[in-house]
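Commentary on secondary and tertiary structure
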Amino acid sequence: MAKLNKTRNMASGTQSHQDPSGLADDDAAGNGSGLDLTNHFLIAMPAMADPVFGGTVIYLCEHNAHGALGLIINKPTDMTMQVLFERVDLALEINPQRSHQQILPEHPVMFGGPVQLERGFVLHSPVGAFTSMMRVTDQIAMTTSKDVLEAVASGSGPDHVLVTLGCSGWSAGQLEDEIIRNGWLTVRADPAIIFDMPVEQRFTAAIRLLGIDPNMLTSEAGHA
């Protein structure tokens, strides 16, 4: 688990060498277009033919003048939390005194996107004090350092955790262009969809945040 160092050019399928981890150091006022979708869901439109992003919901951790960074929250891998912890030499313990803790050994690790597939990214709540942590809101953070997993393993970590392998990134202006071309619906994120809802229900639930019947959604729909 380490710092990001590049973004994927979704429009062309190539890699552009930028540093999304540096986004946190910039002014949070947003990008040149005035659009700031931090803490929003991106919901793939039906016309999204990309096999990586079709049918996905992405939680945007950061969006500003240099680009955007997010994690797919509804594309499980074959790896479980139990296997992940074994691979990083940690034993996942369930603290019986914290019955509200939502991390279970059988929970799947998500595919977060095609960038840095060898890296782990942890969305969690509440926000803690971890080494490589990006605060998204007062309630949600993204951490890429092992110490958050160590805290989870000991039973003293965040109550709500979603772990992904890889992330999704856009260079400056790229996401805005994809939205204009009706590639994505956008809506303010609901943490319950990320942390509490079964994976297979997240796409429909995210669409319903817009007041849209998923059965009526077409590739010509606009965005919020």
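Everything below is about the structure shown above.
Worth saying up front: this structure is predicted, and the values here are computed from it rather than measured.

Quick word on the packing of aromatic side chains
- Taken as a whole, this structure holds three aromatic pairs when the rule is applied.
- Relative to Tyr59, the ring of Phe41 has its centre 6.3 Å away and its plane inclined at 70°; by these criteria the two rings are edge-to-face. Residue Phe41 is located in strand β3 (residues 40-44), and its partner Tyr59 is located in strand β4 (residues 57-64); the two are separated by 18 residues in the primary sequence.
- A ring pair is formed by Trp170 and Trp184, whose centres lie 6.4 Å apart and whose planes are at 80°; its orientation type is edge-to-face.

Here we look at helix α2 (residues 147-154)
- Counting buried residues along α2, six of its eight residues qualify, which places the element largely inside the surrounding structure.
- Buried within α2 we find Asp147, Val148, Leu149, Ala151, Val152 and Ala153.
- Where α2 is buried, its residues meet α1 (81-87), β8 (115-125), β10 (141-143) and β11 (160-171).
- Backbone geometry just downstream of α2 places Gly155 in the positive-phi region, at approximately 85°.

Here is what the cut-offs are and how they apply
Residues numbered from 1 in each chain as written. Predicted model: local features only at pLDDT ≥ 70, side-chain atom pairs only at ≥ 80, totals over all residues. Heavy atoms only, no water. Phe/Tyr/Trp six-rings, centres within 6.5 Å; stacked < 30°, edge-to-face > 60°. Helix = DSSP H or I, 4+ residues; strand = E, 2+ residues; numbered from the N terminus. Buried < 20%, exposed > 50% of the residue type's maximum accessible area, 1.4 Å probe, protein only. Contact = heavy atoms within 4.5 Å.

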